Amino acid sequence: MNAPNASGWKPGTPVVGDAGEGPATSTGNRALMLEEPLIFEIGTTRTTGVDLPAANGSQNRLGSFARKGEIGLPGLSEPETVRHYTRLSRQNYAIDLGLFPLGSCTMKHNPRLNEKVARMPGFLDVHPLQPVDTVGGALEVINELAFWLIDLTGMHGVAMTPKAGAHGELCGILCIRAALEARGDAREVILVPESAHGTNPATAAFAGYRVEDIPATAEGRVDLEALKARLGPDVAAVMITNPNTCGLFERDMKAISDAVHAAGAFVYCDGANFNAIVGKVRPGDLGVDAMHINLHKTFSTPHGGGGPGSGPVVLSEALSPYAPLPYTARTADGVVHLIEEESAEAFSAEHFGGKMASFGRMSAFHGQMGMFTRALTYILSHGADGLKQVAEDAVLNANYILRSLDDVLDAPFAPSGPCMHEALFSDKGFAEGFSTLDLAKALIDEGFHPMTMYFPLVVHGAMLVEPTETESKAGIDQFITALRSVAERARAGDESLKTAPHFAPRRRLDETLAARKPVLAYDGPCTPGGKPAASEIGGQ
Amino acid sequence: MRYLPLTDTDRSAMLAKIGAADIDALFADVPAEARLSGPIEGLPLHQSEMAVERHMRALAKKNLAAADAAFFCGAGAYRHHIPASVDHIIQRGEFLTAYTPYQPEIAQGTLQMLFEFQTQVARLYGCAVANASMYDGSTAAWEAVAMASRVTRRRRAVLSGALHPHYVETIRTMAKFTGDEIADALPTIQGSPDITGLIDRIDDQTSCVVVQYPDILGRLTDLAAIAEAAHAKGALLIAVNTEPVALGAIKSPGELGADIVVGEGQALGVGLQFGGPYLGLFAVRDPKHVRQMPGRLCGETVDAEGKRGFVLTLSTREQHIRREKATSNICTNSGLCALAFSVHLTLLGEEGLRRLAAENHRLACLAADRLAGVPGVLVLNDSFFNEFTVMLGQDARDVVRRLTDKHILAGVSLGRLYPAHDALHEGLVVAVTETTSEEDIETLASALEEVLA
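Predicted model, so just to flag it, every value in this text is computed and none were measured. (Residues numbered from 1 in each chain as written. Chains lettered and ligands numbered in written order. Predicted model: local features only at pLDDT ≥ 70, side-chain atom pairs only at ≥ 80, totals over all residues.)

Asks: Can you tell me about the overall build of chain A, naming the residues and giving the values?
Replies: Along the backbone of chain A there are 14 helices and 12 strands. Computed over its C-alpha atoms, the radius of gyration of chain A comes to 26 Å, within 12% of the 24 Å expected for a compact globule of 540 residues. Counting only C-alpha atoms and orienting by the principal axes, one finds that chain A spans roughly 75 × 75 × 45 Å. The proportion of buried residues among the 540 residues of chain A is 60%. In chain A, once contacts between residues fewer than 6 apart in sequence are set aside, the share between residues at least 24 apart is 75%. (Helix = DSSP H or I, 4+ residues; strand = E, 2+ residues; numbered from the N terminus. Rg over C-alpha atoms; globule rule 2.2 N^0.38 Å. Buried ≥ 20, exposed ≤ 12 C-beta atoms within 10 Å, placed from the backbone. Contact = placed C-beta atoms within 7 Å.)

Asks: How would you sum up the nonpolar core? Please name residues and give values.
Replies: Judged by nonpolar contacts, the single largest core of 336 residues is most densely connected at A:Cys175, B:Val145, B:Val209, B:Val210, B:Leu237, B:Ile238 and B:Ala283. Among the elements that make up this core, the one with the highest residue count is helix α11 (residues 369-405) of chain A (20 residues). Filtering out sequence-adjacent residues up to four positions away, B:Leu237 remains in contact with B:Val209, B:Val211, B:Leu223, B:Ile226, B:Ala227, B:Ala230, B:Gly257, B:Ala258 and B:Asp259. (Core = buried A, V, L, I, M, F, W, Y, C linked by C-beta atoms within 7 Å.)

Asks: Please provide a residue-by-residue account of the pairing of strand β8 (residues 327-330) of chain A, values included.
Replies: Residues and elements named next belong to chain A. Bridge count for β8 against strand β9 (residues 336-339) is four bridges, and the pairing is antiparallel. When the sheet's bridge partners are listed, Ala329 is paired in β9 with His337. Counted between consecutive antiparallel strands, the loop separating β8 from β9 contains five residues, among which Gly334 sits at a positive phi close to 85°. (Pairing = 2+ DSSP bridges.)

Asks: Talk me through the sheet that holds strand β15 (residues 427-431) of chain B; I want residue IDs and the actual numbers.
Replies: Residues and elements named next belong to chain B. Sheet architecture is open: four strands sit in the order β11-β12-β15-β14, paired in antiparallel fashion. Of all the strands in the sheet, the pair left with one neighbour each is β11 (378-379) and β14 (412-413). As judged from the two bridges shared by β14 and β15, these two strands associate in the antiparallel manner. Its bridge partner lying in β15, Val412 is registered against Val429.

Asks: So what's going on with the pairing of strand β9 (residues 297-302) of chain B? Which residues, and what values?
Replies: All names here are of chain B. Of all six residues in β9, six are buried; the element is thus mostly enclosed. Residues Leu297, Gly299 and Thr301 line one face of β9 and the alternating positions Cys298, Glu300 and Val302 line the opposite face, and both faces are buried. In terms of strand pairing, β9 meets strand β10 (residues 308-313) through six bridges, oriented antiparallel. When the bridges of β10 are listed, Leu297 appears paired with Thr313.

What follows is the structure, encoded as structure tokens:
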């Protein structure tokens, strides 16, 4: 959620004599901070960490396609492999290490029961195209999760197959387009607020729509009157994030939905921030027609260093018939059915009065099953009372941070009332020449992952802080102390901020060089015994 | 509630600091009529770890796990042995609970892994550059078609008849909305793919030709001939691979002239998982196409002290910068699956991958020969790697059903894949990997003898 190198930083001379620098070491290591070469610099193409019989080549049905020549894939023994990746892992910040307040990303604790359940052989070791009657439990998981997602959102149906939030957005927009086309109503425009995630306009464009901005009020919310003025027969849908990316609930949501529906258009809600309201309010009651749910945010499936996610889309009655294949449905007799291309028409005729008109398939197989088991485990663990408490504690923590820091950090929307699950600050009040990036990098030295920077775009030097509900008060107090300290240094113009981080495995990285001379793969043979990474100058 | 650290004392103190009377005051912006008065109805209250585990275990037990059957299912998802250390490494919290490396100084672990992964994929595919992953093979295939439209400024994609039907459907669905024209076909039931027929469909409006290698019936396709024909018309060749282990035995698509190579990486490290999450692989042979690629890219650079480091780069292609002008709307991809793939491939190394591929091929040959001896079974393929098609002389779906009762998961019937096409219904796609024992093969063969008699 960040614009790269937003400050225009360029590599400069390192500051000599930083605190704690100490003497040079012969290895480049610093005690527990261990440098690690690339696998191409330590492995060989002859080494393997797996015991397999040597190929004897006695049989060959490969025709003329047998591979000749070397591929160039390095191998490591098992101990070396475990050590390589363990060393790499220690160069990562993670939720397990501390508060990870990346706004809009909902970096909450990932319960380990979820991992255990997802690895049960009945879930892990099942093929997607096994005969349907051998996977009844898997279909029940999908159906049970679907049931609770519908229940929690007050919607009519849910498309389970989208593979991440952005894929879910696409699913929702394609349902809308299919519904409009079914009534012979071609429309061209989707309205998106300027504060929206970049995926919203990208999705709308991908689905063949022209994107126009919705103006915002000075309070950081959708300008209802301006929206009403823009609605017309060319508008297919409005994409709204609620709570929005300024961390605010769209108070006029119901009025927005009513106006959009009156104009014959649909309301798409970006559900990235559902964590703030789960169990407190149902989007279906606010007139939403489609909303994706990031299971890796609200429902705690692990972020995994950038996926896999999962983005089921809850749908209103008007959109449900267009949901993508395959889908699962429980019929009156309690049986859970898997509806694929083969059975869609007959099933629709028998159980849905012929109303199903799926827009098609969005991916192979049945969606992110491994995420479904985890999310269902999480929902059942929390239950109705726990999920409500999740939203309340997430919102409480964010407001506590907002009110504990609004004397040292500009909080542009704080005067208008409480925030939801994330607190938004700007760089107003920093000394001349000091940026949000400087503050963020200094926060790294304090042992925290920075907040989302420079997003939303509507606030200058934005800092979006989402603590989530899985932090203790003591942990949050410690974070507040750290953020206060670096904010004060930014206001005072402390030059050492500009060279932060000082204590991370790497100092600031030259993103401009990376883009100007892209080196996107290791170039060269496997050369074990090569020098460790730290002693090399890359970017050739 | 075990995942919520705040106590009531904490909550009161925090509300006091905020200056709010109660928690509802913080939800004041939510219209009162929409606010739920109590816990949501229907959903039970919170449950202990033990209780939830019991519930989920009961659901898991209703599935027939592959390990409990003689197992021959493939068609885009393959069961391989995953070394124990793969799962250990991906469960390290520093990988599992990190996110997209937006702050590279404290994400070098993920970034270096992605750089290594990109290089492994590029080498395996015979390409110059691979990205940091897509959702899965089918969505990667669509993204490749969309990319070919951008590169060639043409909008007609020709799909091979032997491309996985789910991939065809995914491409066709997306194309409906973008206005791309998709020319597809059914697989021809013969020992070798119909290359002439495919080449005849390429014209000077064709943006790309999409060919699976090995194909849905397990056959190996002469990509070089198709590449030549496509290039002669100014079209790109997109090769789709659903079984990366095969590339330990057969020539890489890049080497045979494919311009974009995409595929499913699930077979290495990821596991079956009933179809997801999987791992989309995406690579280009010519570096000049890099700026038209979708998805994240990790690149090498230096830090302020001159030390080598890695960052996400060329982001100006992506949605968070370019918004509606981005090359794709993809954001989150399949990071942890990419790690699993990379760790598995590092454990194997080139030697291990070649041995693994050879063992798969040896057992597949054994199975094909044994099944060919079963009366009523015809092995279709002239060539294959670890998957081949048998014709059974009757609807294979019925045969699969009857064998399931004997705890044999005999393969994927073409009726399941192509329900609308009766002419294909006698086909069964049989996959054999190193996890298949010779005893399993004998079990399948003798059961088929019985069922087909």
